[in-house]
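Structure assessment
Residue strings, one per chain:
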Amino acid sequence: MRKTFKAKIAIILVVIAFLFFFSNDFGLIDVEKTSIITAIAIDKENDDYLVTAQIAVPEATDTNSENLKAQLTGKGSTVGAALKDLGDVSGWFPKLAFCNLILVGNSLTNTNVIEALDYFAKTLRVQDSALVALTEKDAKEVLSSSTPLDNISAFALQKIMFKTQGFDNDVASTDIKTFCVGHYSKNNSSYMPLVKMVSSGEDGANSGQGGTKSQGGSSGNESGEKTKDKKVLYDARSTALFKDGHFVGELDSDLTLTLNALTENFKGTTLPVDGVLDSSEKKSNYLLSVTGSKHKIKFVKGDVPTLSIKLSLYCKISDHAVEGSTEALSENKPLPKELTDKTHDIMRDRIDRLVKKSIETKCDFLGLNEKLYRFNHKQYSQYKDDLLSKMKVQITVNIEGQK
């Protein structure tokens, strides 16, 4: 009896599943009418947003196994309206589930950037882990660029912005969730990588195959002729700073590296230390590899909030160059005292410059207001409006090598 009852239940469930499937009640979308968006570029033209979507177009044949790319641009008074317009002019439903990169153009630096990004933070159509970055030029221009790193520029950008352990931690990668959390927190501050295009010194491949389509369905290559684009590389080692959603400043590559040393795992990063004078007054250039790091940022008790920043780096020599020396590089060579002192001075100076940059721009990218609120709540109400300018700073740097 029990077996018969279970069999009947199983048959009923199968029938229900088939009914849902054939009646399309699962809300399936025709594949031919769906565009898989890999990246989005947001620019502003007067009072309207221009949203450019990079779409992966599978067109494999016997002679071509590559996935071509297409670009569509929509226009609207809001980002959501521009995305809807993108679908209306193309006939493709814009599927954002695979969108892992959102580029913000420099035309938005004069406005509150959160007005453009808020849509992606609240909608369930985009992953919270989608990377966000500011571009030095129009975001559409960066997305349309040709690079030797990958057939699709969005994939090449993701490679340099999201590096695995073993590469230098020199990019302040930020996703849409982290950026918006920083904006709405007590710090009202956020940051994101600043993407710059650098010429690679070679011509790109013919770009006639994957034309760029804009509003109204017009092709970016209407003549059908194949043109050559200059291939570019991308530099994302600078960081754009935002206060209350407005662009307020930029961290150079050295300060971005220092910011990552104080906030993330720094293992595997290399540090060039040049011009080290030894006992014989010879100048040496070193390349150090960080084998381990520890950082701690907190407020210590006092009449005035005192910020304590501690950084410990454990390093080994990866390379060494000195004029007139034939000394072989040893894996177990300890760090000379002059090298340790020079590295200490470099990192301490960079931390000091980083704190001064925070004070200058009033951008609390280290999350100090949040720390004061959580751990020194009695002082928070008194210093919350001018903490950066009134706090004291103690910087401790420790550099160690192999013994």
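Residues numbered from 1 in each chain as written. Predicted model: local features only at pLDDT ≥ 70, side-chain atom pairs only at ≥ 80, totals over all residues. Heavy atoms only, no water.

Some words on the overall build of the protein
Worth spelling out the cut-off: In this text, helices come from DSSP runs of H or I with a minimum length of four residues, and strands from runs of E with a minimum of two, each type numbered from the N-terminal end. When accessible area is computed with a 1.4 Å probe and restricted to protein chains, residues below 20% of their type maximum are described as buried, those above 50% as exposed, and intermediate ones as partly exposed. With residues, only the protein chains shown are counted as cover, and all accessible areas are computed by Shrake-Rupley using a 1.4 Å probe.
Across its full length, the protein carries 11 helices and 13 strands. In the protein, which comprises 403 residues, the share counted as buried stands at 41%. Within the structure as shown, the protein displays about 21900 Å² of accessible surface, and the carbon and sulfur contribution to it stands at 51%.

Overview of the pattern of salt bridges
Inclusion rule: Each salt bridge in this description consists of a side-chain nitrogen of Lys or Arg and a carboxyl oxygen of Asp or Glu lying within 4 Å of one another.
What the rule picks out here adds up to 12 salt bridges. A salt bridge links D252 to R353; the shortest N-O distance between them is 3.2 Å. Taken together, the residues D252 in the loop between β9 (246-251) and α7 (253-263) and R353 in helix α8 (residues 337-361) connect sequence positions 101 residues apart. For D252, a relative accessible area of 33% translates into the label partly exposed.

Details of the environment of L372
Just so we agree on the cut-off: In what follows, a contact means two residues having at least one pair of non-hydrogen atoms within 4.5 Å.
Structurally, the position occupied by L372 is in helix α9 (residues 368-375). Dropping the residues within four chain positions of it, L372 is found in contact with F299, P305, H377, Q379, Y380, Y383 and L387.

Let's talk about the packing of helix α2 (residues 79-90) against helix α3 (residues 114-122)
This is how it is decided: Axes here mean lines fitted to C-alpha atoms, for a helix over just the part in contact, with angles spanning 0 to 180 degrees between N-to-C directions. Convention used here: angles under 35 degrees read as roughly parallel, angles over 145 as roughly antiparallel, angles from 65 to 115 as roughly perpendicular, and any remaining angle as oblique. We call Asp, Glu, Lys and Arg charged. Ala, Val, Leu, Ile, Met, Phe, Trp, Tyr, Cys and Pro are nonpolar, and the rest, Gly among them, are polar.
Interaxial distance between α2 and α3 falls to 9 Å at its minimum, and their mutual angle equals 70 degrees. For the element pair α2 / α3, the angle class is roughly perpendicular. Only A116, Y119 and F120 of α3 make contact with α2, whose side of the interface consists of V79, G80 and L83. Residue composition of the contact of α2 with α3, grouped by class: five nonpolar, one polar and no charged.

Examining a nonpolar patch on the surface
Heads up, the rule is: Nonpolar side chains (Val, Leu, Ile, Met, Phe, Trp, Tyr) are joined into patches within 5 Å and like charges within 9 Å, using only residues with over 30% relative accessible area and no salt bridge.
Taken together, the side chains of F5, I9, I12, L13 and I16 make up a nonpolar region of the molecular surface, amounting to roughly 480 Å² of accessible area. Turning to its location among the elements, I9 is positioned in helix α1 (residues 2-22). Owing to a relative accessible area of 38%, I9 belongs among the partly exposed residues under this scheme.

Points about the pairing of strand β5 (residues 101-104)
Stated formally: The pairing criterion is simple: DSSP has to find at least two bridges between the two strands. We call a crossover right-handed when, viewed with the strands running away from us, the connection from the first strand over the helix to the second turns clockwise.
Of the two faces of β5, the one carrying L101 and L103 and the one carrying I102 and V104 are both buried. Alignment of β5 against strand β6 (residues 131-135), held across four bridges, turns out to be parallel. Paired with I102 across the bridge in β6 is V132. Each parallel crossover has a hand, and for β5 linked through α3 to β6 it is right-handed.

What to know about the pairing of β6
Within β6, five of the five residues are buried, which leaves the element mostly enclosed by the surrounding structure. Neither face of β6 is left uncovered, since the one carrying L131, A133 and T135 and the one carrying V132 and L134 both have all their residues buried.

A look at the packing of aromatic side chains
Note the following rule: Paired rings are identified among Phe, Tyr and Trp, the last through its six-membered ring, by centres lying within 6.5 Å, and are further divided according to the angle between planes into stacked (under 30 degrees), edge-to-face (over 60) and tilted (the rest). To sit over a ring, a charge needs its Lys NZ or Arg CZ within 6 Å of the ring centre and within 35 degrees of the ring normal.
Considering all chains together, one arrives at four aromatic pairs under this definition. Ring plane angle 80 degrees and centroid distance 5.5 Å describe the contact between F179 and F242, whose orientation is recorded as edge-to-face. In this pair, F179 sits in helix α6 (residues 176-184) while F242 sits in strand β8 (residues 228-243), placing the two residues 63 residues apart along the sequence. When its relative accessible area of 2% is taken as the criterion, F179 is described as buried. With a relative accessible area of 2%, F242 lands in the buried category. Taking 5.9 Å as the distance between ring centres and 70 degrees as the angle between the ring planes, the aromatic pair formed by F242 and F247 counts as edge-to-face. K186 extends its terminal NZ or CZ atom over the ring of Y373, reaching a point 4.1 Å from the ring centre.

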